[in-house]
Amino acid sequence: DFSISNLALGQTVDKASNLMSGSRAGYLACINPHSFVVSESDSEFREALKTADILIPDGFGIVLASKVLGLPIRDRVSGPDFFVDFTKRANSLGSFRYFLLGSSECVIQKMVDRLKQEAPNIDVCGVLSPPYKEQFTEGENEHMVNFINACRPDVLWVGLSAPKQEKWIFRNRERLDVPFVAAIGAAFDFYAGTKKRSSLFWQRTGLEWLPRFFREPRRLWRRNLKSTPVFLSWVAREKFRQIFAPYAS
């Protein structure tokens, strides 16, 4: 029952831009097979994904499932690609203010350096690398929200990793004085260059996860070897229901 976007990358950037004129913070999140499986047992994460204004199909498995089930999603739109394309658009328009929340100080500094070089019209008005922990204290959270609002960004990019980043936005969205906020996770490391993204060949074949898995098996084994079979079994069940539903009494 997720409302996953079926827009292409350029159309997604258009929609995100339009959301910035709303009365509350527009919100983009990503979904892939792993986050889908995690959300099945984490109700707050599920709500955080369901309440996103734009929920992009970040994993090829989502697109594949859509084709199998006859749904309209045809294009994968990844968080890193969205960040790059939105930034190109923002730089061409000029006078955009970014706030970067998440990851390490080293990663954020590398992002800022690259943005200065590639998108000089964007003002990185604030950055924050919060403590690396599962849950922030009330004081830490208050500081984060107040600091972000004081910097008055146009866009808040959140890279705290899933499901932490989506749940943080879900809890604080009404308090954020920001036109648009996006949870983009690994895009921070990819844009900073601290982690290498798989080549276009792997991206286009739907196997972008494979080289990453070989580079970081200890961190990614649960996502790829546990969540993927669960997701595929769900797709198979849904297809079975579609086929036999007309014959059910």
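Notes on the structure follow. (Residues numbered from 1 in each chain as written. Predicted model: local features only at pLDDT ≥ 70, side-chain atom pairs only at ≥ 80, totals over all residues. Heavy atoms only, no water.)

**Thoughts on the pattern of salt bridges**
One pass over the full model with this rule turns up 13 salt bridges. In this structure, glutamate 174 and arginine 24 form a salt bridge, with 2.3 Å as the shortest nitrogen-oxygen distance. Separated by 150 residues along the polypeptide, glutamate 174 in the loop between α8 (164-172) and β6 (180-183) and arginine 24 in the loop between α1 (9-19) and β1 (26-31) bring together distant segments of the chain. For glutamate 174, a relative accessible area of 61% corresponds to the exposed category. Taking relative accessible area as the criterion, arginine 24 reaches 42% and is therefore assigned partly exposed. A salt bridge links glutamate 142 to arginine 175, with the shortest nitrogen-to-oxygen separation between them at 2.7 Å. Of this pair, glutamate 142 sits in helix α7 (residues 138-151) while arginine 175 sits in the loop between α8 and β6; the two residues are 33 residues apart in sequence, bridging distant segments of the chain. Of the residues examined, arginine 175 reaches a relative accessible area of 36% and is grouped as partly exposed. (Salt bridge = Lys/Arg side-chain N within 4 Å of Asp/Glu carboxyl O. Helix = DSSP H or I, 4+ residues; strand = E, 2+ residues; numbered from the N terminus. Buried < 20%, exposed > 50% of the residue type's maximum accessible area, 1.4 Å probe, protein only.)

**A closer look at the sheet that holds strand β3 (residues 96-102)**
Strand order in the open sheet formed by six strands is β2-β1-β6-β5-β3-β4, and the pairing between neighbours is parallel. Strand pairing shows two members of the sheet lacking a second neighbour, β2 (54-57) and β4 (122-128), which therefore form its edges. The mean angle between the axes of side-by-side strands here comes to 20°, regardless of whether they run parallel or antiparallel. In this structure, strand β5 (residues 155-159) lies alongside β6, joined through four bridges in parallel fashion. Bridging across to β6, valine 155 finds its partner in phenylalanine 180. (Pairing = 2+ DSSP bridges. Axes fitted to C-alpha atoms, helices over the stretch in contact; angles between N-to-C directions.)

**Re the pairing of β6**
Of the two faces of β6, the one holding Phe180 and Ala182 and the one holding Val181 and Ala183 are both buried throughout. Note that the unit made of β5, α8 and β6 has a crossover that is right-handed. (Right-handed = clockwise from strand over helix to strand, strands pointing away.)

**Observations regarding α8**
Of all nine residues in α8, seven are buried, a share of seventy percent or more. Within the span of α8, buried status applies to Lys164, Gln165, Glu166, Lys167, Trp168, Ile169 and Asn172. The elements touched by buried residues of α8 are β1, α3 (43-50), β3, α7, β5 and β6. (Contact = heavy atoms within 4.5 Å.)

**Considering unusual backbone geometry**
For the peptide bond that leads from alanine 162 to proline 163, omega is 5°, which places it in the cis range. One can find proline 163 in the loop between β5 and α8. The phi torsion at arginine 152 lies on the positive side, around 50°, for a residue other than glycine. Its location among the elements puts arginine 152 in the loop between α7 and β5. Since its relative accessible area comes to 55%, arginine 152 is described here as exposed.

**Quick word on the environment of phenylalanine 190**
Locating phenylalanine 190 in the fold gives a position in helix α9 (residues 187-192). Assessed through its relative accessible area of 13%, phenylalanine 190 is described here as buried. Put simply, phenylalanine 190 and proline 80 are 110 residues apart on the chain and 7.1 Å apart in space, counted from C-alpha to C-alpha.

**With respect to the packing of aromatic side chains**
We describe a pair of aromatic rings using the distance from one ring centre to the other and the angle between the two ring planes. Within this structure, the stated rule accounts for 13 aromatic pairs. Where phenylalanine 36 meets tryptophan 234, the ring centres are 4.7 Å apart and the plane angle is 55°; that geometry is what we call tilted. In this pair, phenylalanine 36 sits in helix α2 (residues 33-40) while tryptophan 234 sits in helix α12 (residues 217-244), placing the two residues 198 residues apart along the sequence. Aromatic ring contacts, followed pair by pair, group Phe82, Phe83, Phe86, Phe96, Tyr98, Trp157, Phe180 and Tyr191 into a single cluster. Directly above the ring of tyrosine 191 sits arginine 114, whose terminal nitrogen or CZ lies 4.0 Å from the centroid. Of note, lysine 164 hangs over the ring of tyrosine 132, and the distance from its end group to the ring centre comes to 5.8 Å. (Phe/Tyr/Trp six-rings, centres within 6.5 Å; stacked < 30°, edge-to-face > 60°. Lys NZ or Arg CZ within 6 Å of the ring centre and 35° of its normal.)

**With respect to the pairing of β4**
Alignment of β3 against β4, held across six bridges, turns out to be parallel. Counted as the bridge partner of leucine 101 is leucine 128 from β4.

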